[in-house]
Amino acid sequence: MATAAPIAVAASRSRAGVLAGTAVMTALLALAPFVGIYPVFMMKALCFALFACAFNLLLGFGGLLSFGHAMFLGTAGYVCAHAAKVWGFPPELAILTGTVASAALGTVVGALAIRRQGIYFAMITLAVAQMMYFFYLQMPFTHGEDGIQAVPRGVLFGVLDLSRILTMYYVVLAVFVLGFLFIYRVIHSPFGQVLKAIRENEPRAISLGYDADRYKLIAFILSATLAGLAGAVKAIVFQLASLTDVHWTMSGEVVLMTLLGGMGTIFGPVVGAFVIIALESYLARFGEWVTVITGVIFVVCVLAFRRGIAGELAAWWARSRG
Amino acid sequence: MKAFKRSLLALTIAGTLAAGVAHAQISDNIIKIGVLSDMSSLYTDLAGAGSVLAAKMAVEDSGVEKRGMKVEFVSADHQNKPDVGSAIARQWYDTEKVDVIVDVPNSGVALAVNQITRDKGKAFLVSGAASSDLTGKACSPNTIHWTYDTWMLANGTGGAIVKTGGDSWFFITADYAFGHALERDTAAVVTKNGGKVLGAVKVPLNTQDFSSFLLQAQSSKAKIIGLANAGGDTTNSIKQAAEFGIVKGGQNLAGLLVFLTDVHSLGLNTAQGLIMTETFYWDLNDQTRAFTKRFAPQDKGIHPTMVHAGVYSAVLHYLKAVEALKSDDGTKVVAKMKEMPTDDPLFGKGSIRADGRKIHPAYLVEVKKPSESKAPWDYYKIRATIPADQAFRPLNEGGCSLVK
Amino acid sequence: MQALFGQLLIGLINGAFYAMLSLGLAVIFGLLNIINFTHGAQYMMGAFCAWFLLNKAVIGGAGIGYWPALIIAPIVVGAFGILIERTMLARLYKLDHLYGLLLTFGLALIIQGVFRNEFGSSGLPYQIPSLLQGGVNLGFMFLPIYRGWVIVASLIVCLSTWYVIERTKLGSYLRAATENPALVQAFGINVPRMITLTFGFGVGLAALAGVMAAPIYQVNPLMGADLIIVVFAVVVIGGMGSIMGAILTGFGLGVVEGLTKYFYPEASNTVIFVIMVIVLMIKPAGLFGRER
């Protein structure tokens, strides 16, 4: 992903800058319900933002394009929904179970896919995702296209009643911020540096003695786990797990969010997710034009706007400073 | 002092009365109707914008606006996805003060909206969805299921065909919950009436090519090939059945869920002879024809399907109930709707049962040959009428908790 | 046993269709290394073009029928493909292939969305041309003549394309140009023009498949949407850069899918992906591909 090089500028912003940015972002998000923004919309955007951040970890920083990331979102969603509704798990256990399921799937798929490069890697992830889709379609526990409905919100840690919307919102926000900070930590750790080196020039990294495949696999598993966390939380928030979450167009959507927001930037996926979710909500009343407008955004981003929103902002910021 | 106490008493009584009346008022004086439909994929033509139009026509024809009620509309596309549909329903109820949601073609979405409507005490009038669970296991005091359901389709089409000699069946079933339910219900009817099910094959959704499955149906030598699928799957299987000479070879196709718009897109050449059950046809009588004359030019020439008619009928009856009750509290209005018998130009006289099922007659129709059709959309001949009390599942068989 | 023969024949017919459909993508993806996600939408445009010619391009009382459409539709859609290549794709050649994929994916969404808004999603009728109507009773099954025509047409198109690319001088220039453009350009051959024309040719092939599909599958705006990933799978399994690989895999897939439809029909949509994973694990460059 050589084209991510200009993005490295944005990614290596000073640590203070990023932490300040995170604080501002968290504050804005915390205040949102009080300025009249519909909390359910915000929660949806936060779940997808976490999903996009997880995907970006793999694509922007690991240089690996996965066409099947929906399978991690959906697997966690289904397992969590089933655990909460049928096995009666409290929400924290249900979310944990879902996340672990995605991590396990990520390990298996990663082990298979890592051995191949570029487009072949992408094709393997797509093929496995399609097989998972079929699996979920056939399994009775998912109830096919009806999905698992009426998933109970429950009481978190026995204390926080999640059926109250504000409580649910702050829990989701907390999960998102923790996930976000975790990803940041991974990127700016020795592990993250090696990963970046592998992305830039794999043969050289290998010649320096690093086991490239192992690093890529770990990145893949981390990405899958966090995507799973997003999916499990989403299932609790919406009290629903459905086939949409494992369909290949969902994999396409997360690519779009990351691309629009800015691949290889920290805040990019968050911005991208919010924009796309807002657009979809706003456009729902114009049903017919959603696909066309999504397509136009793809095209415009690829042709003229490759750094994405966050990337362009970062570049502008860097230019105006020096 | 006495005067003061008396006026205080009077004020108190007046205040209490006023408060009591205020509870029975229409919230913020506006009735907001949400038409949630499929505006962009399979069901666009049979529901979609036409459903919005039907709802608007119902408001016009009810005359409530002339009598001082304010009615507003919102509409959205649920894209046949339960998560999209439930998110829209939730948002409509929470932030946009929508009082009633209508239509929803897609059983998965309908079940999700059914739950949300119940949780929030609003009203849900289903016209497009098919699942008979909406008046069975999932029945709710806030939901009324209009137009049709899988039981009616299975018994109407299945029962009628078996009685006229089609006693051996082979099913081509779309491999998802709706397809399975339709196959199961129809198979039950066939065997109950003395017929036999010779085989079935489950086909993935959105399959383009049915030749292999049609070949299996042919070799089973069943007299009737039951198509337990919908939308594009149905039209593809019918088109290819014509290609493979199924009907010429002596077998007949039974479309378990086919709409007028499907026949239109197939063309009479391909669709002729197809037998199905509907609860409305635009050419049934003068009243339905008059409605169609107003409807079609506003919906790109599309003639009203039973789903459109259901939306019209449901909204009309809803407004009557709201006017009588002077309230838009979902649970109360639905209860009132069950109390009042229904009467509208499209379905005639009917009623709504305790489980939320709207009752009206069903019609077994056959698609005309090209030579028999005198104008576009002149597609059906009515083979039989199933009276209202026989068309739908008996009240005590559904497992609905509202039925005592 | 008889039933199995019937299923195998049907599998072969579908395979012929897959082969023809994948051919255009094999040329573009396999040779030019451009990931053309618009392939499904272009297939759809070919079918719509045929419908349009028949129903709207009415000259002297009759529309333009199937046989002329087989030539006109690919040219029209191919021209459209060339337009896309010149104005948008050419800018992305220096970048990672990912961008070409995302661009064509976005274009596919736009094209499909616009057609759907315009034509609805129920589909439009298109009849089998009178010359090819009816069928032949083979004993073990009734074979519609049109389906037999599909096999014949597919073989002709596939084999002639393979011949041109692998056995003629023009084809060798093309193959050389994709391996080492600078060197071939130095020999005086206009490489960008060759790439553009080849791209147009690949798109035209997609449209041709669309015209062939119109009489038997419903002509609707989403007809290419789910097919596109199957087509990619065929090309990947067959091997990048190998035209014969894509053709043979297309036919093979049809047969395997046909057998799956007989023994385990619910899985018939998914079997290709299972095969793809297996092939990519054992032979990463595909069955007939050359590792680049």
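Residues numbered from 1 in each chain as written. Chains lettered and ligands numbered in written order. Predicted model: local features only at pLDDT ≥ 70, side-chain atom pairs only at ≥ 80, totals over all residues.

Residues and elements named next belong to chain B. As summarised here, the arrangement of the five strands in space is β2-β1-β3-β4-β5, forming an open sheet in which the pairing is parallel. The open sheet is flanked by β2 (70-77) and β5 (143-145), the only strands paired with a single partner. For this sheet, the mean inter-axis angle between neighbouring strands, taken without regard to orientation, is 20°. Alignment of strand β4 (residues 123-126) against β5, held across three bridges, turns out to be parallel. Within β5, the position partnered with Val-126 by the bridge is His-145. Helix α4 (residues 107-120) rests against β1 (30-37), β3 (100-103), β4 and β5 of the sheet, and its axis sits at about 155° to β4. Against the sheet, helix α13 (residues 330-339) makes contact with β3, β4 and β5, and its axis sits at roughly 45° relative to β4, the strand it touches most. (Pairing = 2+ DSSP bridges. Helix = DSSP H or I, 4+ residues; strand = E, 2+ residues; numbered from the N terminus. Axes fitted to C-alpha atoms, helices over the stretch in contact; angles between N-to-C directions. Contact = placed C-beta atoms within 7 Å.)

One finds Val-315 of chain B together with Ala-50 and Met-276 of chain C to be the most contacted residues of the largest nonpolar core, which totals 348 residues. Structurally, this core is a two-domain feature, drawing no fewer than three residues from each of domain 1 (29-148 + 284-355) and domain 2 (151-278 + 362-386) of chain B. Excluding residues within four positions of it along the chain, Val-315 of chain B makes contact with Ile-33, Ala-55, Ala-58, Val-59 and Val-102 of chain B. (Core = buried A, V, L, I, M, F, W, Y, C linked by C-beta atoms within 7 Å. Buried ≥ 20, exposed ≤ 12 C-beta atoms within 10 Å, placed from the backbone. Domains from an automatic or database assignment.)

The next point concerns the interface of chain C and chain A. Contacts between the two partners involve 31 residues from chain C and, on the opposite side, 31 residues from chain A. Put simply, the parts of the chain that give the side of chain C that touches chain A at least two residues each are α4 (97-119), α9 (227-238) and α11 (271-282) of chain C. For the side of chain C that touches chain A, the leading source of residues is α4 of chain C, giving 14 residues. When the residues that make up the side of chain C that touches chain A are grouped by side-chain class, the tally is 22 nonpolar, six polar and three charged. (Nonpolar A, V, L, I, M, F, W, Y, C, P; charged D, E, K, R; others polar.)

Between its terminal C-alpha atoms helix α2 (residues 39-55) of chain C stretches 24 Å, which fits the 24 Å expected from 17 residues at 1.5 Å a residue. For α2 of chain C, the tally of buried residues reaches 15 of 17 residues, placing the bulk of the element in the interior. (Expected span 1.5 Å × (residues − 1).)

Let us now look at the confidence of the model for chain C. Of the residues in chain C, 98% reach a pLDDT of 70 or more, and the chain-wide mean stands at 86. In the model output, the complex is listed with pTM 0.84 alongside ipTM 0.81. (pLDDT = per-residue confidence, 0-100.)

A few words on the environment of Tyr-217 of chain C. Within the secondary structure, Tyr-217 of chain C is located in the loop between α8 (191-213) and α9. Tyr-217 of chain C gets classed as buried once you count the C-beta atoms within 10 Å, which come to 23. Among all residues touching Tyr-217 of chain C, those that are not within four sequence positions of it are Gln-208 and Asn-236 of chain B together with Met-223 of chain C.

Residue and element names in this part refer to chain B. Within the open sheet, the three strands sit side by side as β11-β12-β13. Their pairing is antiparallel. Two strands lie at the open edges of the sheet, namely β11 (342-344) and β13 (358-359), each paired on one side alone. Here two bridges tie strand β12 (residues 348-352) to β13, and the two strands are oriented antiparallel to one another. Within β13, the position partnered with Ser-351 by the bridge is Ile-359.

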